[in-house]
Amino acid sequence: MHKDIQRILFTEEQIRTRVTEVAKQVDCDLAGKTPLAVGILKGGIIFYADFIRHLTMPLELDFMAVSSYGSGTASSGNLKIRKDLDGGVKGRDVLIIEDIIDSGFTLACLKKLLLERGAASVTIVTLLDKRERRTEDIHSDYNCFIIPDEFVVGYGLDFDEKYRSLPYIGILKPSVYQK
Ligand code: PRP
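Colleague: Before we move on, could you go through the sheet that holds strand S8 (residues 152-153) and cite the residues and values that matter?
Modeller: Spatial ordering of the open sheet is given by S1-S9-S8, a layout of 3 strands whose pairing is antiparallel. With partners counted over all chains shown, the strands left at the sheet margins are strand S1 (5-10) and S8, one partner each. Both S8 and strand S9 (residues 169-172) contribute to a ladder of 2 bridges, which runs antiparallel. Bridge pairing in S9 links Val-152 to Ile-171.

Now the structure itself:
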């Protein structure tokens, strides 16, 4: 285990089992559609790559990179788009695949934006749901794990751009981020 990790919350195997389970459910529920799988950089990238390999319908891939500033109302005006989608979403069934829903601000803004652009539907899948911190009226349609309000890293999630490549999800030692 990495020296900065206090304890492992989900092992590689637990993640693989649960991601497969949720992806198979989504595969079943969206059967017959041709979704646009939207990955949100950077945190969602490892989950995205593992998740989409269980989807059997024809799929198109696209990516966005966003950062939020301010946590006011769920307005797309407060979401900074650092990289936009390459293509349009009009009439498309969009499947957002994201690492974590925390306050919900990011996904509330994104969902609103994609619907305003004419998406036929927006389905949200998150690896982690830090439900107790939610301030926005939004939920993920599917999530792999509900987690407590702890600082988690690994499997895509970072602190200061580090720890993203850890194969498990771990709780970071407070001494690391309290420095
Ligand atoms: C994280 C995460 C979500 C967002 C969730 O992104 O990937 O996009 O925060 O928080 P919220 O529900 O409170 O909006 P971050 O800005 O850390 O960027 P990253 O994905 O590049 O790590």
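Colleague: So what's going on with the confidence of the model for the protein? Residues and values would help.
Modeller: Of all residues in the protein, 95% have pLDDT values of 70 or greater, and the mean over the chain is 93. Ignoring residues within four places in sequence, the model shows residues 70-77, a span with pLDDT below 50, making 21 contacts including any to other chains.

Colleague: Before we move on, can you summarise unusual backbone geometry with the specific residues and values?
Modeller: Of note, the amide linkage connecting Leu-41 to Lys-42 takes the cis form, showing an omega dihedral of 0°. For Lys-42, the location among the structural elements is in the loop between strand S2 (36-41) and helix H2 (45-52). Positioned with a positive phi, Tyr-155 is a non-glycine residue whose angle comes to about 50°. On the secondary structure map, Tyr-155 appears in the loop between S8 and S9.

Colleague: Can you explain the environment of Val-22? Please cite residues and give values.
Modeller: You can see Val-22 is positioned in helix H1 (residues 12-29). With relative accessibility at 5%, the residue Val-22 sits in the buried group. Separated by 121 residues in the primary sequence, Val-22 and Asn-143 place their C-alpha atoms 7.4 Å from one another. Residues in contact with Val-22, not counting those within four places in the same chain, are Phe-51, Val-125, Tyr-142, Asn-143 and Cys-144.

Colleague: For the site of the ligand, give the residues involved together with the corresponding values.
Modeller: The local shell around the ligand holds 14 residues, among which Glu-98, Asp-99, Ser-103, Gly-104 and Thr-106 are the closest. Measuring from an oxygen atom of the ligand, one finds a backbone N or O atom of Gly-43 at 2.9 Å. Separating an oxygen atom of the ligand from a side-chain N or O atom of Arg-164 is a distance of 3.1 Å. Within the complex, the protein chains bury 76% of what would otherwise be the 500 Å² of accessible surface of the ligand. Elements with a contribution of two residues or more to the shell around the ligand: strand S5 (93-101) and helix H3 (105-116). The element contributing the most residues to the shell around the ligand is S5, with 4 residues. Classifying every residue of the shell around the ligand gives 4 nonpolar, 4 polar and 6 charged.

Calculation rules
Residues numbered from 1 in each chain as written. Predicted model: local features only at pLDDT ≥ 70, side-chain atom pairs only at ≥ 80, totals over all residues. Heavy atoms only, no water. Pairing = 2+ DSSP bridges. Helix = DSSP H or I, 4+ residues; strand = E, 2+ residues; numbered from the N terminus. pLDDT = per-residue confidence, 0-100. Contact = heavy atoms within 4.5 Å. Buried < 20%, exposed > 50% of the residue type's maximum accessible area, 1.4 Å probe, protein only. Near = heavy atom within 4 Å. Polar contact = N/O pair within 3.5 Å; in protein donor to acceptor, adjacent residues only side chain to side chain. Areas by Shrake-Rupley, 256 points an atom, 1.4 Å probe, with all protein chains shown as cover. Nonpolar A, V, L, I, M, F, W, Y, C, P; charged D, E, K, R; others polar.

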